[in-house]
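What follows is the residue order along each chain.
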Amino acid sequence: MTAIALTSFVELALRITVTRAQDPRSRAMLVAMQGARPAQAHGPIAARTAPVVDRYLAPALARAGGTAAVAPLIEAIGTLVPQLCWRPRADGPNASEGFSAAHANAMIAGPGGLQDRQDIWIGLSLLAPETRYPDHAHSPEETYLTLSPGEFRVGSVDWFTPGIGGSFYVPPAETHAMKSGDTPLLALWALRA
Ligand SMILES: [Fe+2]
């Protein structure tokens, strides 16, 4: 995808995520991200897939594509798929057994992403069924747009299920996690540094 097309993807992802945002803090951070200066595409980044992606991404996209509110975003993600560079993250507290091979993350905009930039981060997480992502925290605030079934947790509140097209906010440095049930979990995240 060219630099211009990537810029269009970032605009589309932010537009749909702000539409779905439930928390005023999400809306505020996403509007600020929409005002960020467009970034140049990085030099070529080698696309990279993983067995978990080959097996579960297409069904997750097909399922989410049936929800009108996110269908344009799902279609746009579909056009990006051949370029995405999927990587595992480090293990961490409370991750499920075999976590490393049971998930992958793709940075679309952000450090080391297709659009290499520091100010905003936008990417995807994919989890195989019955996988728990480790508890983690980071200084940028974050808004999730959930694109599949799956459970999420922020701080010490109970797990909740936003559903396809759901959204929630993660304050800076707050611990959060996610876990899939009997279907894969797909989520888009947006962070503002
Ligand atoms: Fe996060």
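Residues numbered from 1 in each chain as written. Predicted model: local features only at pLDDT ≥ 70, side-chain atom pairs only at ≥ 80, totals over all residues. Heavy atoms only, no water.

The chain carries the name Transcriptional regulator in an unreviewed UniProt entry, which gives Pseudooceanicola albus as its organism.

(A) Geometry of the side chain of Glu142. The residue Glu142 is located in strand β5 (residues 141–146) in this model. No salt bridge forms around the buried Glu142; measuring N to O, its nearest opposite-charge neighbour Arg89 is 8.9 Å away. At a separation of 2.9 Å, a polar atom in the side chain of Glu142 contacts the side chain of His176. Once you skip the residues sitting within four places of it in the chain, Glu142 turns out to touch Met29, Phe168, Tyr169, Val170, His176, Trp189, Ala190 and Leu191. (Helix = DSSP H or I, 4+ residues; strand = E, 2+ residues; numbered from the N terminus. Buried < 20%, exposed > 50% of the residue type's maximum accessible area, 1.4 Å probe, protein only. Lys, Arg positive; Asp, Glu negative; His and termini not counted. Salt bridge = Lys/Arg side-chain N within 4 Å of Asp/Glu carboxyl O. Polar contact = N/O pair within 3.5 Å; in protein donor to acceptor, adjacent residues only side chain to side chain. Contact = heavy atoms within 4.5 Å.)

(B) Up close: the environment of Phe160. Within the secondary structure layout, Phe160 lies in the loop between β6 (151–154) and β7 (166–170). As a C-alpha pair, Phe160 and Gly150 span 10 residues in sequence and 8.4 Å in three-dimensional space. Apart from residues lying up to four places away in sequence, Phe160 is in contact with Gly150, Glu151, Phe152, Arg153, Val154 and Phe168.

(C) The nonpolar core, seen in detail. In this structure, Leu73, Trp86, Ile122 and Leu147 are the most contacted members of the largest nonpolar core, which totals 45 residues. In contact with Trp86, other than residues within four places in its own chain, are Arg48, Thr49, Val53, Leu57, Ala104, Asn105, Ala106, Leu124 and Leu126. Counting residues in hydrophobic clusters, the runner-up holds 13 residues, among them Phe99, Tyr144, Val154 and Leu185. (Core = buried A, V, L, I, M, F, W, Y, C linked by side-chain atoms within 4.5 Å.)

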